[in-house]
Amino acid sequence: MQDNNIVIPGISLCQKWGKIRIFHSTIVALGEPRYIRFLFNIEMKKLAVQACVRKEAECFCVPKYNPENWEFKISSVPMLRMIWRTCEWNPENTYRLSGIHHPEYNLVEFDMNQARAQAAEDF
């Protein structure tokens, strides 16, 4: 029997709280790596989450999955400020993005132009 449940990778960004929430679907798409890093293309307004095989500069350790209370939030105020300036987003909003997995580069890419705004209190 075919499983029709498609899980789409996602992230949520909140400048007000200085946090980036990585959805578990993004980590699963990347093969549940131990470390990830961010890549940001200012000209194209694209953000990527890339899996890393070892701890390197600018990497973040991925917490072990626990279905009862798994949460992966990263604090990165300077990166969020850069994103908000580049995208000209409202600082009172949180932005949620769906991504596309590119296995050949071991990353999930998010088009910042496709972000959906919601109130920052919902973060």
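What counts and how
Residues numbered from 1 in each chain as written. Predicted model: local features only at pLDDT ≥ 70, side-chain atom pairs only at ≥ 80, totals over all residues. Heavy atoms only, no water. Pairing = 2+ DSSP bridges. Helix = DSSP H or I, 4+ residues; strand = E, 2+ residues; numbered from the N terminus. Buried < 20%, exposed > 50% of the residue type's maximum accessible area, 1.4 Å probe, protein only. Arc of directions from axis to C-beta. Contact = heavy atoms within 4.5 Å. Salt bridge = Lys/Arg side-chain N within 4 Å of Asp/Glu carboxyl O. Core = buried A, V, L, I, M, F, W, Y, C linked by side-chain atoms within 4.5 Å.

Brief notes about the pairing of strand β7 (residues 93-102)
Sheet topology places strand β1 (residues 10-14) next to β7; five bridges connect them, and they run antiparallel. Of the residues in β7, the one forming a bridge with Ile11 is Leu97. Here four bridges tie β7 to strand β9 (residues 116-119), and the two strands are oriented antiparallel to one another. Bridge pairing in β9 places Asn93 opposite Ala119. Pairing between β7 and strand β8 (residues 107-111): four bridges, direction antiparallel. Its bridge partner lying in β8, Gly99 is registered against Phe110. Here β7 folds back onto β8, and the loop between the two strands holds four residues, one of which, Asn106, carries a positive phi near 55 degrees.

Considerations on helix α2 (residues 77-87)
All of the buried residues in α2 are Met79, Leu80, Ile83, Trp84, Thr86 and Cys87. The arc enclosing the buried residues of α2, seen along the axis, measures out at 165 degrees, which places them on a common side. For α2, the exposed residues lying more than 90 degrees away from the buried face are Pro78 and Arg85. Structurally, α2 contributes buried residues whose contacts are with β1, β2 (19-22), β3 (35-41), β4 (46-52) and β7.

Quick notes on the pairing of β8
Sheet topology note: the β4/β8 ladder contains five bridges and is antiparallel. Paired with Gln50 across the strands is Leu107, a residue of β8.

Considering the pattern of salt bridges
Tallying each qualifying case throughout the model produces four salt bridges. Note that Arg21 and Glu71 form a salt bridge whose closest N and O atoms lie 3.9 Å from each other. With Arg21 in strand β2 and Glu71 in the loop between β5 (59-61) and β6 (73-75), this residue pair connects regions lying 50 residues apart in the sequence. The salt bridge involving Lys73 is made with Glu71; its shortest N-O contact spans 3.8 Å.

Digging into the nonpolar core
Core analysis: the largest hydrophobic core is formed by 26 residues, its most contacted members being Leu13, Ile22, Ile36 and Ile83. The element best represented in this core is α2, accounting for five residues.

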